[in-house]
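Take a look at the letters that make up each chain.
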Amino acid sequence: MAVITRAALLKGPYDIDLIEKKLVCGDDEVIVKNHLMGICGSDKLFYRGKLPPKTAEFRHPPKFPFPLGHESGGTVVEVGLKVSEYQVGDKVIAFGWNNNYADYFLSKTWQLQPVPKGLEMDLACLGEPISCAMYSGLNSQVQLGDTVVIMGGGFAGQIIAQCSKAKGAHKVIVVDTLEGKLKIAKKLGTDITINITKEDPVAIVKELTGGIGADVVVEAAGSADSFNAASEMIRHNGKFVFYSWVTEPITLNISRWHDDGLQFINTCLVHHTWQERFVWTPETLRPVITGQVDIKSLVTNEFKLEQIKEAFELADNDDTAIKITLRP
Ligand SMILES: [Zn+2]
């Protein structure tokens, strides 16, 4: 049986529209009816015409016209002949680039994750970005008493900041360029916020730590300035935690990486293996279900799927819109 759906097509930079598309379920695939979709920072890069290299999660090669969308979730409405892991009616979280800005999407079973018990669907549909950020927060090796700096107060940075505080960091510092994001960070428990356009984060972190530097710095902004500031503010033998995806070459001063014996931790959940992601995802969502991490304050704007143009215009122009969602 085939399903007809509206689906987003990014024809070129700043040119997104909905088209009609027919989905035919392959033997090893399922069709999912979406409940909610999210706009990711990487979708924004696509929209602005900055296409990343192809990775394993992409169904389509990253070139225009590109069928956009990866953050969503919903209910399985059709399963292929060889599928044994899912049944019609199961609630699932999407973990793949399958043109998810749509009423329905087609997915391989390994690109899905069952919705854990107790997690409401509005949050489950943001399960991919939440899990990615929580995985970083859980694996950052933050210890009781640490001074932790999060570079970038976007959706991920805000979650990692909350995790760091809950794990017993003494001081959590969020650095961003936008007051709106820094205000939200404060509201959610961050001790100190630094606006990098007005203040020097390296000098402030040094001052706060008696000249020593931060124990852990999580890079969740993805710019050369952010990487370079992070490299300067980590203490001797401190931890550099990678989160963001930098898709273009940048110039870095990495002398201290050697001289000061910095440690590096790659905390990108979906770039290990899907098996590891499958095991980790329920763990990453547990503190969300128990309410130890506030996600709802980060969902700042909601649109209907047919308003996808407006949603992307807002994403492009208003950087204080932390997580924009679309409803079919
Ligand atoms: Zn994403």
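What you are looking at is a predicted structure, and each value in this text was computed from that prediction instead of being measured.

**Details of the overall build of the chain**
Part 1 of the reasoning: Across its full length, the chain carries 10 helices and 15 strands.
Part 2 of the reasoning: Dimensions of the chain along its principal axes, counting C-alpha atoms only, are 65 × 40 × 35 Å.
Part 3 of the reasoning: Per-residue burial for the chain yields a buried fraction of 52% across its 328 residues.
Part 4 of the reasoning: Put simply, 66% of the contacts in the chain that link residues at least 6 apart link residues at least 24 apart.
Part 5 of the reasoning: When the accessible surface of the chain is totalled, it reaches about 13900 Å², and 52% of it is carbon and sulfur.

**Digging into the coordination of the zinc ion**
Part 1 of the reasoning: Donor atoms from the polypeptide that bind the zinc ion are C40 (SG) and H70 (NE2), placed at 2.1 to 2.3 Å. With C40 in the loop between β3 (29–38) and α1 (41–47) and H70 in the loop between α1 and β4 (71–79), this pair connects stretches of sequence that are 30 residues apart. Grouping residues by exposure puts C40 and H70 together as buried.

**Quick word on the domain arrangement of the chain**
Part 1 of the reasoning: Splitting the chain by domain gives domain 1 (2–126 + 295–327) and domain 2 (136–269).
Part 2 of the reasoning: Taken over C-alpha atoms, the centre of domain 1 sits 29 Å from the centre of domain 2.
Part 3 of the reasoning: If you look at the interface, domain 1 gives 15 residues, while domain 2 gives 16 residues.
Part 4 of the reasoning: Overall, the association of domain 1 and domain 2 removes approximately 1300 Å² of surface from exposure, summing both partners, and the carbon and sulfur fraction of that is 80%.
Part 5 of the reasoning: Counting every contact that joins domain 1 to domain 2 gives 0 salt bridges.
Part 6 of the reasoning: Seen at the junction of domain 1 and domain 2, the total is 1 residue pair in polar contact (both at pLDDT 80 or more).
Part 7 of the reasoning: Partitioned by chemical class, the residues of the side of domain 1 that touches domain 2 number 8 nonpolar, 4 polar and 3 charged.

What counts and what doesn't
- Residues numbered from 1 in each chain as written.
- Predicted model: local features only at pLDDT ≥ 70, side-chain atom pairs only at ≥ 80, totals over all residues.
- Heavy atoms only, no water.
- Helix = DSSP H or I, 4+ residues; strand = E, 2+ residues; numbered from the N terminus.
- Buried < 20%, exposed > 50% of the residue type's maximum accessible area, 1.4 Å probe, protein only.
- Contact = heavy atoms within 4.5 Å.
- Areas by Shrake-Rupley, 256 points an atom, 1.4 Å probe, with all protein chains shown as cover.
- Donors = N, O, S within 2.8 Å, 3.2 Å for Na, K, Ca; no water.
- Domains from an automatic or database assignment.
- Buried area = accessible area lost by both parts, 1.4 Å probe.
- Salt bridge = Lys/Arg side-chain N within 4 Å of Asp/Glu carboxyl O.
- Polar contact = N/O pair within 3.5 Å; in protein donor to acceptor, adjacent residues only side chain to side chain.
- Nonpolar A, V, L, I, M, F, W, Y, C, P; charged D, E, K, R; others polar.

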